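# A structural walkthrough
Here are the chains, one letter per residue:
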There are 2 protein chains.
Amino acid sequence: MIIAIDAMGGDEAPKSIVDGIERFLKEDSETQIRLFGPQATLEKLITPSSQVTLINTTEVVSGNDEPVATIRHKKDSSLVRAAADVKAGKADGFLSCGNTGAVLAAGIFIIGRIKNVERPALMPTLPTVISGKYYNMLDVGANAEVKLSYLTQFAQMGSIYAADLRGVKNPVVKLLNIGSESHKGDSLHQEAYQKISQISDINFKGNIEPNDLFKGDADVVVTDGFTGNAVLKTLEGTMKTILYLLKNNLINGSFTTKLGALLVKGSLGSLAQQFNNSQFGGAVLLGVNAPVIKGHGNSQPETVYYAIKQVKEMIKGQTVQKFKDLY
Amino acid sequence: MIIAIDAMGGDEAPKSIVDGIERFLKEDSETQIRLFGPQATLEKLITPSSQVTLINTTEVVSGNDEPVATIRHKKDSSLVRAAADVKAGKADGFLSCGNTGAVLAAGIFIIGRIKNVERPALMPTLPTVISGKYYNMLDVGANAEVKLSYLTQFAQMGSIYAADLRGVKNPVVKLLNIGSESHKGDSLHQEAYQKISQISDINFKGNIEPNDLFKGDADVVVTDGFTGNAVLKTLEGTMKTILYLLKNNLINGSFTTKLGALLVKGSLGSLAQQFNNSQFGGAVLLGVNAPVIKGHGNSQPETVYYAIKQVKEMIKGQTVQKFKDLY
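Remember, predicted model here, so these are calculated numbers, not experimental data. (Residues numbered from 1 in each chain as written. Chains lettered and ligands numbered in written order. Predicted model: local features only at pLDDT ≥ 70, side-chain atom pairs only at ≥ 80, totals over all residues. Heavy atoms only, no water.)

The two copies are related by a screw operation: chain B maps onto chain A through 180 degrees of rotation and 0.0 Å of translation along the axis, at an RMSD of 0.0 Å. Here the two chains are linked by the operation of a two-fold rotation axis. Minimal C-alpha distance to the rotation axis in chain B is attained by B:Gly260, lying at 1.9 Å. Looking at the interface residues of chain B, 100% of them are also at the interface in chain A, so both copies use one shared face. (Least-squares fit on C-alpha atoms with pLDDT ≥ 70 in both. Contact = heavy atoms within 4.5 Å.)

In structure tokens, the structure reads:
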């Protein structure tokens, strides 16, 4: 198993990427890493070995770069080179914590869509209030425009991923909608409800409303890329805002409030931990010819470590081959 | 000014509704309330006066009733009768904290859409992290299907409301989208961006992403009813979940955590207060022939009090007439 990694993607790259790789290699002796970035910089951080190959690149993709133009013009960037490595058959999977749009474009246009998959979908693994219970939501932004047939494929691919990679038996699939009954939502979602319920190998349990996402009664949540992206951004924004207000209220509080804040600090930390997504790795681009993982832009070494494990599991589990067999 | 109120809508109706009315009447001697509900029940709670008329109704709309069927068949429900009262010219505005779909249907089909308004929109007033700074978001669910022309009208109606009712000078209008640049999102949102920016009397400042809603740099946020409803439900669900987890962590914590929790209790209360929406009244159904307000289902007397004030302000400000003049 060979994984191509973009060393220059993410807020704390390449340090956090290299640290994540080193943690991974402490417990793995079978996987090979091909690490793309400026050789002179990388050599200061990591020593090449039988498991680590450094490949020199001269360009870096920034967060503001326009995705498709990046793929076309920054040919010697660490992101594009790592994806091209997979395309050339030199690596089996691809990981980047960089520019989301560029990672998606690299996955779709360089590594390529699986034949008969209409549209690849971006899919994170998200936490619920039930400890140890997660759900996969797709698409959260690979496609702003949506068709009915995309949604049914998302349901199938998400279901296979949850069963295979997370080991969920007969995963419960729900459709993200603005009401629980089958007639709720726009005509697209009404039709999707009917279509998905007709697919025999999917354990479809109807609609889920966005306020119920945390309850943990779905393993896979199917949505279009526009709604999925909006809901995910609302969720992250709200969480960040409340924790900010809370901290602010505690810091600017009275003496007793401050004393109390000191005492509850550990507990608040464990709350943050509960929603810390490092253990879920990154978001997967499902429906392309190899495992493609987009790690969060602010990925810490721990997140990178889990994301590498996730690529490895997908390679090992032959998830991509299962999608190819399906369509 | 005469306001028709559904006494039976909401989790704690009719008690919370009556208590809200009584609070309102303590500081108002010019408004008349026509209160719809079972007379025998209401008489035990409130005494008719020169300002309060009780109108007996025999049916009640439940939260599970199908909206359009309700309007057709529960003709003697407090909700339908109150709306019909406005239609008959006996009242100038309508308030209910009941079944959202039924309130929308009553507003649209009984009170009626303003000529040339393509679709009425449901619009709450929402808090930001900046004290005293709110924004109006529309549509949050009156229309699951959307057309470009609806969105431009939402921008106009929302802008007039923010200026007139909330006294915001030259309100900043933004389009809810999954990216900040004009080319982001699906074709509908790309076109809406262009169209809204061409309307001369709108202070349009481009897209806003859902994670930035709390920042307070928009006065009016324009969105389609599907996305708006999904985002609002995500926001409410996330807030509820974090406060639940927080409480849970504090209750189940160690002795020091519990002691700390006692000390920060006031501060957490003020956090909740910051997001307590009672002061914003209810969500307005904009684009119908009279002020129609839908109060939150769990409205406390304070919320009802503010919602009545809101109906009064809309009647006084002739907001509906301004929309009529515009189209």
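A:Phe94, A:Met137, A:Leu213, B:Phe94, B:Met137 and B:Leu213 are the most contacted members of the largest nonpolar core, which has 88 residues in total. Considering every element that reaches this core, the biggest residue donor is helix α5 (residues 100-112) of chain B, with eight residues. If we ignore the near neighbours within four places in the chain, the residues touching B:Met137 are B:Leu122, B:Met123, B:Pro124, B:Leu126, B:Leu176, B:Leu213, B:Val221, B:Thr223, B:Gly228, B:Val231 and B:Leu232. (Core = buried A, V, L, I, M, F, W, Y, C linked by side-chain atoms within 4.5 Å. Buried < 20%, exposed > 50% of the residue type's maximum accessible area, 1.4 Å probe, protein only. Helix = DSSP H or I, 4+ residues; strand = E, 2+ residues; numbered from the N terminus.)

For helix α10 (residues 301-316) of chain A, built from 16 residues, the straight-helix expectation of 22 Å at 1.5 Å per residue is met to within 8% by its first-to-last C-alpha distance of 22 Å. A:Gln318 lies just past α10(A) and shows a positive phi near 50 degrees. (Expected span 1.5 Å × (residues − 1).)

Turning to the side chain of A:Asp219, a few remarks are in order. Residues and elements named next belong to chain A. On the secondary structure map, Asp 219 appears in the loop between β9 (203-208) and β10 (220-222). For Asp 219, a relative accessible area of 7% translates into the label buried. Ignoring sequence-local partners within four residues, the contact set of Asp 219 consists of Lys 133, Tyr 134, Tyr 135, Asn 136, Arg 166, Val 168, Pro 171 and Val 172.

Here we take up the sheet that holds strand β5 (residues 121-123) of chain A. Two strands in a sheet stick together by hydrogen bonds in their backbones, pointing the same way (parallel) or opposite ways (antiparallel). Residue and element names in this part refer to chain A. Strands sit in the order β3-β2-β1-β4-β12-β11-β5 across an open sheet of seven strands; the sheet is mixed. Lying at the two open borders of the sheet, with one neighbouring strand each, are β3 (52-56) and β5. Neighbour-to-neighbour, the strand axes of this sheet turn through a mean angle of 25 degrees, independent of strand direction. Sheet topology note: the β5/strand β11 (residues 283-286) ladder contains three bridges and is antiparallel. Bridged to Ala 121 within β11 is Leu 286. Lying on the sheet, helix α1 (residues 15-26) is in contact with β1 (2-6), β2 (32-37) and β3; it crosses β2 at an angle near 170 degrees. (Pairing = 2+ DSSP bridges. Axes fitted to C-alpha atoms, helices over the stretch in contact; angles between N-to-C directions.)

This paragraph deals with a nonpolar patch on the surface. Residue and element names in this part refer to chain A. On the surface, Phe 255, Leu 259 and Leu 262 cluster together to form a nonpolar patch covering roughly 360 Å² of accessible area. Position of Leu 262 among the secondary structure elements: in helix α9 (residues 255-274). Residue class for Leu 262 comes out exposed when judged on its relative accessible area of 60%. (Patch = residues over 30% accessible without salt bridge, like charges linked within 9 Å, V, L, I, M, F, W, Y side chains within 5 Å. Areas by Shrake-Rupley, 256 points an atom, 1.4 Å probe, with all protein chains shown as cover. Salt bridge = Lys/Arg side-chain N within 4 Å of Asp/Glu carboxyl O.)

Moving on, we come to the pattern of salt bridges. With the rule as written, the count across this model stands at 24 salt bridges over all chains. A:Lys312 is the salt-bridge partner of A:Glu30, the closest N and O atoms lying 3.0 Å from each other. In this pair, A:Glu30 sits in the loop between α1 and β2 while A:Lys312 sits in helix α10, placing the two residues 282 residues apart along the sequence. According to the relative accessible area criterion, A:Glu30 is partly exposed, its value standing at 44%. The salt bridge involving B:Asp212 is made with B:Lys215; its shortest N-O contact spans 2.8 Å. Residues joined in a network through salt bridges with shared partners are A:Asp28, A:Glu30 and A:Lys312.

Looking now at helix α7 (residues 187-197) of chain A. When α7(A) is considered as a whole, its buried residues turn out to be A:Leu188, A:His189, A:Ala192, A:Tyr193 and A:Ile196. In an axial view of α7(A), the angular spread of the buried residues amounts to 140 degrees, which keeps them on one side of the axis. Turning to α7(A), the residues buried within the fold contact α6 (148-165), β8 (172-176), β9 and β10 of chain A together with α8 (225-251) of chain B. (Arc of directions from axis to C-beta.)

Before going further, it helps to spend a moment on the pairing of strand β4 (residues 93-96) of chain B. Residue and element names in this part refer to chain B. Of the two faces of β4, both are covered, the one formed by Gly 93 and Leu 95 as well as the one formed by Phe 94 and Ser 96. Pairing geometry for strand β1 (residues 2-6) and β4, over three bridges, is parallel. The residue of β4 that forms the bridge with Ile 5 is Leu 95. Of the pairings in the sheet, the one linking β4 to strand β12 (residues 292-294) comprises three bridges and is parallel in character. Bridged to Leu 95 within β12 is Ile 293.

In this section: the packing of aromatic side chains. All names here are of chain A. Applying the stated criterion to the full structure yields four aromatic pairs over all chains. Relative to Tyr 306, the ring of Tyr 305 has its centre 4.9 Å away and its plane inclined at 75 degrees; by these criteria the two rings are edge-to-face. Judged by relative accessible area, Tyr 305 falls into the buried class, the value being 4%. Taking the relative accessible area as the measure of exposure, Tyr 306 reaches 22% and is therefore partly exposed. Note that Arg 23 overlies the ring of Tyr 305, its terminal NZ or CZ placed 4.0 Å from the centroid. (Phe/Tyr/Trp six-rings, centres within 6.5 Å; stacked < 30°, edge-to-face > 60°. Lys NZ or Arg CZ within 6 Å of the ring centre and 35° of its normal.)

Moving on: the interface of chain B and chain A. Many structure descriptions define interface size as the accessible area lost when the parts assemble. Contacts between chain B and chain A engage 47 residues on the former and 47 residues on the latter. Of the roughly 4200 Å² buried at the junction of chain B and chain A (both faces included), carbon and sulfur atoms supply 73%. Joining chain B to chain A, the criterion identifies two salt bridges. A:Lys233 is the partner of B:Glu209 in a salt bridge, and the nearest nitrogen-oxygen pair spans 2.5 Å. (Buried area = accessible area lost by both parts, 1.4 Å probe.)

A few words on the sheet that holds strand β7 (residues 134-138) of chain B. Residues and elements named next belong to chain B. With mixed pairing, five strands are arranged side by side in an open sheet as β6-β7-β10-β8-β9. If you trace the sheet from one side to the other, it starts and ends with β6 (125-127) and β9 (203-208), each paired once. Strand-to-strand twist of the sheet, defined as the mean angle between neighbouring strand axes without regard to direction, takes the value 30 degrees. Of the strand pairs in this sheet, strand β8 (residues 172-176) and strand β10 (residues 220-222) are connected by three bridges, and their pairing is parallel. Each bridged residue has a counterpart across the sheet, and for Lys 174 the counterpart in β10 is Val 221. Contacting β6, β7 and β8, α8 crosses the sheet at an angle of about 135 degrees to β7.

Right, let's talk about the domain arrangement of chain A for a bit. Residues and elements named next belong to chain A. According to the domain assignment, chain A consists of domain 1 (2-117 + 287-326) and domain 2 (122-233). Taking only C-alpha atoms into account, the centre of domain 1 sits 26 Å from that of domain 2. Counting residues at the interface gives 13 residues for domain 1, matched by 10 residues for domain 2. Both sides of the domain 1 and domain 2 interface together cover about 1100 Å² of buried area, and 72% of this is carbon and sulfur. Applying the counting criterion to the domain 1 and domain 2 interface returns one salt bridge. Taken together, domain 1 and domain 2 are joined by three residue pairs in polar contact (both at pLDDT 80 or more). Elements with a minimum of two residues in the side of domain 1 that touches domain 2: α5 (100-112), α10 and α11 (319-326). No other element matches α11, which puts four residues into the side of domain 1 that touches domain 2. Taken together, the residues of the side of domain 1 that touches domain 2 break down into five nonpolar, six polar and two charged. (Domains from an automatic or database assignment. Polar contact = N/O pair within 3.5 Å; in protein donor to acceptor, adjacent residues only side chain to side chain. Nonpolar A, V, L, I, M, F, W, Y, C, P; charged D, E, K, R; others polar.)

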